[in-house]
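An overview of the molecular structure
The chain contents come next:
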Amino acid sequence: MMDKKVRELLNQQINKEFYSAYLYLEFSNYFEDRGLNGFANWYYVQAQEERDHAMLFYRYLQNNNEKVELDAIAKPDKALDCDMTVLKAGLEHEEYVTSLINDIYAAAYNVKDFRTMQFLDWFVKEQGEEETNANDLITKMELFGSDPKSLYMLNSELAARVYTAPSLVL
Ligand code: FEO
C-alpha cells in the first residue's frame, strides 16, 4: 500500500503534466500566430512530451493498484507579450516542475518508498535536460533573435525537432 501523501502528490503530478502540455500548446499557438513555425513546432513537440509524462504518472499509479483521480486542467495563465517572455516563461515553468518532482521524491524518501524513487529517477534526469533546453533557447534568442536572417535560421533549426516517445516504459 502506497503512502497517502506520496499517492496524492503522484496523482497531482498527472494534472501538472497535462497542464504543462496545455501551456506549451499555448506557446506553440503564440508562435504559429507570429509566423515562426519552427518555434511553434518546438513547443508542439514539447507538449507531446508533457502529455507522455502525465501518462507515465497515470500508469505508474495504476500499476501499483492505486486509484487515479483526474482533476480539471487549468487555463494557461502566462502573459505572452513577446517572444522572449514566452521562452523565459518556459524556463520558469520547468524550474517549477523540477521542484514538484523533488517534493515527490522527498516524500517517497521519507517513507522508504524505493520503488517510487526509482520511478522518479527518470524524471529527475529529464528535468535536468528540460531546464538545459529551455536555457539554450533563451541564449540562442539573445544571440540571434534581433537579426531577421539569424532568427530565420534559428526558426529553421527548431522546425527540425521531431517527437520521440519517452525512453521510460511502464
Ligand atoms: Fe514534464 Fe517539462 O516537465
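Each remark here, short or long, concerns the structure printed above.
Figured I'd write up the structure that's included with this text. Predicted model, so just to flag it, every value in this text is computed and none were measured.

Some thoughts on the packing of helix 2 (residues 37-63) against helix 4 (residues 114-144)
Two elements in contact, helix 2 and helix 4, have axes separated by 12 Å at closest approach and are oriented at 170 degrees. Taken together, the axes of helix 2 and helix 4 lie roughly antiparallel to each other. Along the contact surface, helix 2 presents Phe 39, Trp 42, Tyr 43, Gln 46, Glu 49, Glu 50, His 53, Leu 56, Phe 57 and Tyr 60, while helix 4 presents Arg 115, Thr 116, Phe 119, Leu 120, Trp 122, Phe 123, Glu 126, Glu 130, Asn 133, Leu 137 and Met 141.

Some points on unusual backbone geometry
Despite not being glycine, Asn 65 has its phi angle at roughly 60 degrees, a positive value. Relative to the assigned elements, Asn 65 resides in the loop between helix 2 and helix 3 (83-110). You will see that Lys 112, though not glycine, has its phi angle at about 55 degrees, which is positive. In this fold, Lys 112 is placed in the loop between helix 3 and helix 4.

Some thoughts on the nonpolar core
Ranked by size, the top nonpolar core spans 23 residues in total, and within it Phe 27, Phe 31, Phe 39, Tyr 43 and Leu 87 carry the most contacts. Those elements that provide at least two residues to this core are helix 1 (4-34), helix 2, helix 3, helix 4 and helix 5 (148-159). Considering each element in turn, this core owes the most residues, six residues, to helix 1. Once you skip the residues sitting within four places of it in the chain, Phe 27 turns out to touch Tyr 43, Leu 80, Val 86, Ala 89 and Gly 90. Counting 22 residues, the second largest nonpolar core, distinct from the first, contains Met 2, Ala 54, Val 97 and Ile 104.

Comments concerning the packing of aromatic side chains
For the coordinates displayed, the defined rule picks out twelve aromatic pairs. A centroid spacing of 4.9 Å and a plane angle of 85 degrees characterise the contact between Trp 122 and Phe 123, whose relative ring orientation is edge-to-face. You'll find Trp 122 and Phe 123 in the same group, each marked buried. Here the aromatic residues Tyr 24, Phe 27, Tyr 30, Phe 31, Phe 39, Trp 42 and Tyr 43 are joined through ring pairs into a cluster of three or more. Here Arg 51 stacks its cationic end above the ring of Tyr 163, 5.8 Å away from the centre of that ring. The positively charged end of Arg 161 is found above the aromatic ring belonging to Trp 42, 4.3 Å away from the centroid.

Parameters at a glance
- Residues numbered from 1 in each chain as written.
- Predicted model: local features only at pLDDT ≥ 70, side-chain atom pairs only at ≥ 80, totals over all residues.
- Heavy atoms only, no water.
- Axes fitted to C-alpha atoms, helices over the stretch in contact; angles between N-to-C directions.
- Helix = DSSP H or I, 4+ residues; strand = E, 2+ residues; numbered from the N terminus.
- Parallel < 35°, antiparallel > 145°, perpendicular 65-115°, else oblique.
- Contact = heavy atoms within 4.5 Å.
- Core = buried A, V, L, I, M, F, W, Y, C linked by side-chain atoms within 4.5 Å.
- Buried < 20%, exposed > 50% of the residue type's maximum accessible area, 1.4 Å probe, protein only.
- Phe/Tyr/Trp six-rings, centres within 6.5 Å; stacked < 30°, edge-to-face > 60°.
- Lys NZ or Arg CZ within 6 Å of the ring centre and 35° of its normal.

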